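# An overview of the molecular structure
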Amino acid sequence: MTGPARRKGLTPRSEDFSAWYNEAVQQAELADYSPVRGSMVIRPWGYGIWENMQRALDDMFKATGHSNAYFPLLIPMSFIEREKEHVEGFKPELAVVTHAGGKDLEEPYVIRPTSETIIYSMYAKWVQSYRDLPILLNQWANVMRWELRTRLFLRTAEFLWQEGHTAHATEAEADEEALRMLGVYRSFMEDWMGMPPLTGAKSESEKFAGAVRSYACEALMQDGRALQAGTSHMLGQNFARQFGLTFQSEQGREEYAWNTSWGVSTRLVGGLVMTHGDDVGVVVPPRLAPTQVIVVPIGRSDEQWAAVREAAERVVGGLGDAGVRVEADTRRHLSPGAKFFEWERKGVPVRVEIGPRDVARGEVVVVRRVTAPGEERKEGVGEGRAVAGMPARLEALQGRLLEAARARREAGTHRGEVSSIEELGALLDGGAGFVHSGWSGDPAVEERVKEATRATIRVIPGEEFRSAAAPERCVGGGKARMEVVWARAY
RNA sequence: CGGGGCGUGGCGCAGCCCGGUAGCGCGCCUGCUUUGGGAGCAGGAGGUCGCCGGUUCGAAUCCGGCCGCCCCGACCA
């Protein structure tokens, strides 16, 4: 199995999804393992995707009134320890700096696992009056959580993310903010990633350490497991109390501010791979692809090469003018086939082949990375028409990826009464990803389900995702008080 | 942290049981011929066999300890 036959492709997803994922990520050159335990190197192709994600998200944050700022990497240990649930949640995975400048530090610093504490300590300095609120900041940063078991992009010890932190005068305003950003995440995942998530609230046991309410986007991966792709928290006044974040209200009273925090990380890149990838490799949606179109000139003799190069340059120029991110692969030591495989593994949405035959006809061959049923993969198109039609072609592909992912999510979702834990387990074993059911609200039921099936409540779905007929029975027996969605999660 | 697997040129592996000249494929370099789905031939470079210690005339191989990586589980907004 290690010979040439194996080298031609990845381990099929159906055979070993985990092996497929690792191979897909590495062969697409998204990331590589590093000498540092649990920390990966994000390579240019992977980082390019992240940069495109950042740009889109950053624009959305700005459009909703937020500004960027930057806070220190190191946080005094005492800060983390101040909020009781927060410290309990994060203590086990903290990396601590105890020694610097050649001597032991008086107070250790932790490498931020998240920045609530240091940010709200600063907000406390900046806020005196209700007129200073709201504060709407975001930071792009790296954070560190010493995870016991890591996986490329999905869970690494160090990862890149953005964390939004806001302070408001009222609870209603804070909750509105938390929900607004949940909606921003959802739009981003749908419109840019083609990864339609379920959104809703977290149960008590799954919420963020220190939050009053947590909201999340949960996406269904191709292996039927859920990926928590983004979270937004209404922190109440928990941190404000610990850090003295108070303001004088319009009525002259001293009050604690209400906070929110929200974040998405490089984990999204892993989600992208597991949403759209196939047995050939990664598939990157056009809006996020660092290169949307790869032009491959094909020629034997020097004269042929000169002719196809010229045509390739014309196409690259034309596409560039049309706002398409395009590149020509002019390496002469590689055969066309080798280049085809390489770019397919990386997931470039469209390839344009230009050989002597095409030049003679004034055509190019346009090849799609993914095809709809019944659609030709390769297509000879007049050069001018190929260039002019490319933006529309890319948008169509973007839309198709979203629809395919939505269809997979729906096919992997079970709705209807689930009246026992055994039945829930059978549904999950039978291929269901998201299983809707009723729930009494009793944490003991969650615990029992987890024991028996390894599934957890991913969300208490928002209105739009609830079933037409609300479930009446709780999976643990008795009456349901709400609808929940179960899944085995990453 | 529990269980399993694995550390040998850049990558993937064989050799280890049974101690004795370190091997294969891919990749890389040079030359020539090639280029429409992973090119061919010829020549070449590249390895203190994860680390430390022990046994032995002699250790990739046997013994002890340590370190690291991957997978499953536990843990993990």
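Per chain, the residues get numbers from 1 upward, laid out in the order the sequence is written. Whichever chain is written first is A, and whichever ligand is written first is 1; the rest continue in order. Local features in this predicted model are restricted to residues of pLDDT 70 or higher, and side-chain atom pairs are both shown and tallied only at a pLDDT of 80 or more, whereas totals for entire chains, interfaces and linings draw on every residue. Hydrogens are left out, water is left out, and the side-chain values use all remaining heavy atoms of the structure.

### Remarks on helix α10 (residues 302–321)
Here is the rule we go by: Labels follow the DSSP assignment, with helices taken as runs of H or I lasting at least four residues and strands as runs of E lasting at least two, numbered in each case from the N terminus. The span expected for a helix works out to 1.5 Å for each residue beyond the first. Buried means the residue's accessible area, taken with a 1.4 Å probe over protein chains only, is under 20% of the maximum for its type, while exposed means over 50%, and partly exposed covers the values in between. By definition, the arc is the one covered by directions from the helix axis to the C-beta atoms.
When the terminal C-alpha atoms of α10 are compared, their 28 Å separation across 20 residues agrees well with the 28 Å that a helix rising 1.5 Å per residue should span. When α10 is considered as a whole, its buried residues turn out to be Trp305, Val308, Ala311, Ala312, Val315 and Leu319. The arc enclosing the buried residues of α10, seen along the axis, measures out at 135°, which places them on a common side. More than 90 degrees from the buried face of α10, the exposed residues found are Asp302, Glu303, Glu310 and Asp321. Of the residues flanking the end of α10, it is glycine 323, one or two places downstream, whose phi is positive at about 85°.

### Focus: the layout of surface pockets
As a reminder of what qualifies: For cavity detection a 1 Å grid was placed over the protein atoms alone, and a set of points counts as a cavity when a 1.4 Å probe fits there but cannot get out; an open set counts as a pocket when protein lies on both sides within 12 Å along at least five of seven lines, with lining residues being those that have an atom within 4 Å of a point. Grid points are joined across faces, edges and corners, and a volume is the space filled by probe spheres set on the points. Where each domain begins and ends is defined by an automated method or by a domain database.
What the largest pocket holds in volume is close to 1,500 Å³. Lining the largest pocket we find 50 residues, and of these Arg155, Gln228, Arg267, Arg458 and Tyr490 sit closest to its centre. For the lining of the largest pocket, the secondary structure elements donating two or more residues are α5 (84–90), β8 (158–168), β11 (226–236), β14 (258–265) and β22 (456–461). For the lining of the largest pocket, the two domains that each supply at least three residues are domain 1 (4–276) and domain 3 (413–487).

### Concerning empty space enclosed by the protein
This is how it is decided: Each residue gets one label: Ala, Val, Leu, Ile, Met, Phe, Trp, Tyr, Cys and Pro are nonpolar, Asp, Glu, Lys and Arg are charged, and the others, such as Gly, are polar.
In this structure the tally under the stated criterion is three cavities of 30 Å³ or more. Roughly 70 Å³ of volume is contained in the largest cavity. Around the largest cavity, the lining residues are Met195, Pro196, Ala219, Leu220, Met221, Gln222, Thr275, Ala405, Arg408 and Arg409. For the lining of the largest cavity, the secondary-structure elements that each account for two or more residues are β10 (213–220) and α13 (383–411). For the lining of the largest cavity, the element with the highest residue contribution is α13, accounting for three residues. Across the lining of the largest cavity, the residue classes tally to six nonpolar, two polar and two charged. Considered as a void within the structure, the second largest cavity measures approximately 50 Å³ in volume. As for the second largest cavity, its lining consists of Ile294, Trp343, Glu344, Val348, Val350, Arg351, Val367, Arg368 and Arg369. The set of elements that each furnish at least two residues to the lining of the second largest cavity consists of α11 (336–346), β17 (350–354) and β18 (363–368). In terms of residue class, the lining of the second largest cavity is built from five nonpolar, no polar and four charged.

### Let's talk about the packing of helix α7 (residues 171–193) against α13
Heads up, the rule is: Here the axes come from fitting lines to C-alpha atoms, over the contacting stretch only for helices, and the angles between their N-to-C directions go from 0 to 180 degrees. When an angle is under 35 degrees it counts as roughly parallel; over 145 it counts as roughly antiparallel; between 65 and 115 it counts as roughly perpendicular; any other value is oblique. In this analysis, two residues are considered to be in contact whenever any of their non-hydrogen atoms come within 4.5 Å of each other.
Where α7 meets α13, the closest approach of the two axes is 8 Å, and the angle between their N-to-C directions is 120°. On the basis of their axis angle, the class for α7 and α13 is oblique. Counting all contacts with α7, which are made through Glu190, Asp191, Trp192 and Met193, the residues of α13 involved are Gln398, Leu402 and Arg406.

### A few points about the sheet that holds strand β5 (residues 96–100)
For clarity, the threshold we go by: In this analysis, strands are considered paired if DSSP registers two or more bridges between them.
Pairing within the open sheet is antiparallel, and its three strands lie in the order β4-β6-β5. The two strands at the open ends of the sheet, each matched to only one other strand, are β4 (74–76) and β5. Between one strand and the next, the sheet's axes are offset by a mean angle of 50°, whatever the strand orientation. Across three bridges, β4 lies against strand β6 (residues 103–111) in antiparallel orientation. In the strand pairing of β6, proline 76 is matched with tyrosine 109.

### Brief notes about unusual backbone geometry
Note that the residue after leucine 133, namely proline 134, is joined by a cis bond; omega there is -5°. Its place among the elements puts proline 134 in the loop between α6 (116–126) and β7 (135–144). Of note in the backbone geometry, glutamate 29 takes a positive phi value of approximately 60° without being a glycine. Its location among the elements puts glutamate 29 in the loop between α2 (17–27) and β1 (31–33). The phi dihedral of phenylalanine 153 is positive, around 70°, even though this residue is not glycine. Tracing the chain through its elements places phenylalanine 153 in the loop between β7 and β8.

### A look at the sheet that holds β11
The strands making up a sheet associate through hydrogen bonds between their backbones, and the pairing can be parallel or antiparallel. One open sheet accounts for 11 strands, arranged β3-β7-β8-β14-β11-β10-β9-β22-β23-β21-β20; its pairing is mixed. What marks the edges here is a single partner per strand, and that holds for β3 (67–68) and β20 (413–414). Pairing analysis gives eight bridges linking β8 to β14, with the strands arranged antiparallel. The residue of β14 that forms the bridge with tryptophan 161 is serine 265. Sheet contacts for α6: β7, β8, β11 and β14; angle to β8, the most-contacted strand, approximately 30°.

### Some details on the domain arrangement of chain A
Put simply, the rule reads: Note on terms: buried area is the combined drop in 1.4 Å-probe accessible area of two parts once they are placed together, counting the loss on both. Salt bridges are defined as contacts in which a side-chain nitrogen from Lys or Arg sits within 4 Å of a carboxyl oxygen from Asp or Glu.
Here chain A is partitioned into domain 1 (4–276), domain 2 (293–393) and domain 3 (413–487). Of note, the centres of domain 1 and domain 3, computed from C-alpha atoms alone, are 27 Å apart. The interface of domain 1 with domain 3 comprises 17 residues on the first partner and 15 residues on the second. Summing both sides of the interface, domain 1 and domain 3 together bury roughly 1,300 Å²; the carbon and sulfur share of this comes to 59%. Where domain 1 packs against domain 3, one counts three salt bridges. Note that glutamate 218 is salt-bridged to arginine 458, the shortest N-O span being 3.1 Å.

### Focus: the protein's contact with RNA strand B
As a reminder, the rule being used: Each residue is tested against the molecule or strand, and it is near if at least one of its non-hydrogen atoms lies within 4 Å. Distance and chemistry together define a polar contact, namely a pair of N or O atoms within 3.5 Å, with one atom able to donate a hydrogen and the other to accept it when in protein, and with adjacent residues in sequence counting only for side-chain atoms on both sides.
Around RNA strand B, the structure places 47 residues, and the nearest of them are Arg149, Trp161, Gln228, Arg300 and Ser335. A share of 45% of the atoms of RNA strand B within 4 Å of the protein falls on sugar and phosphate groups. Side-chain polar atom of arginine 155 to a base oxygen of RNA strand B: 2.4 Å apart, as the coordinates give it. Lysine 378 is positioned such that a nitrogen or oxygen atom in its side chain is 3.0 Å from a base nitrogen of RNA strand B. Of all the secondary-structure elements, those providing two or more residues to the surface near RNA strand B are α2, β11, α11, β17 and α12 (356–361). Among the elements that make up the surface near RNA strand B, the one with the highest residue count is α11 (seven residues). Considered class by class, the residues forming the surface near RNA strand B number 12 nonpolar, 12 polar and 23 charged.

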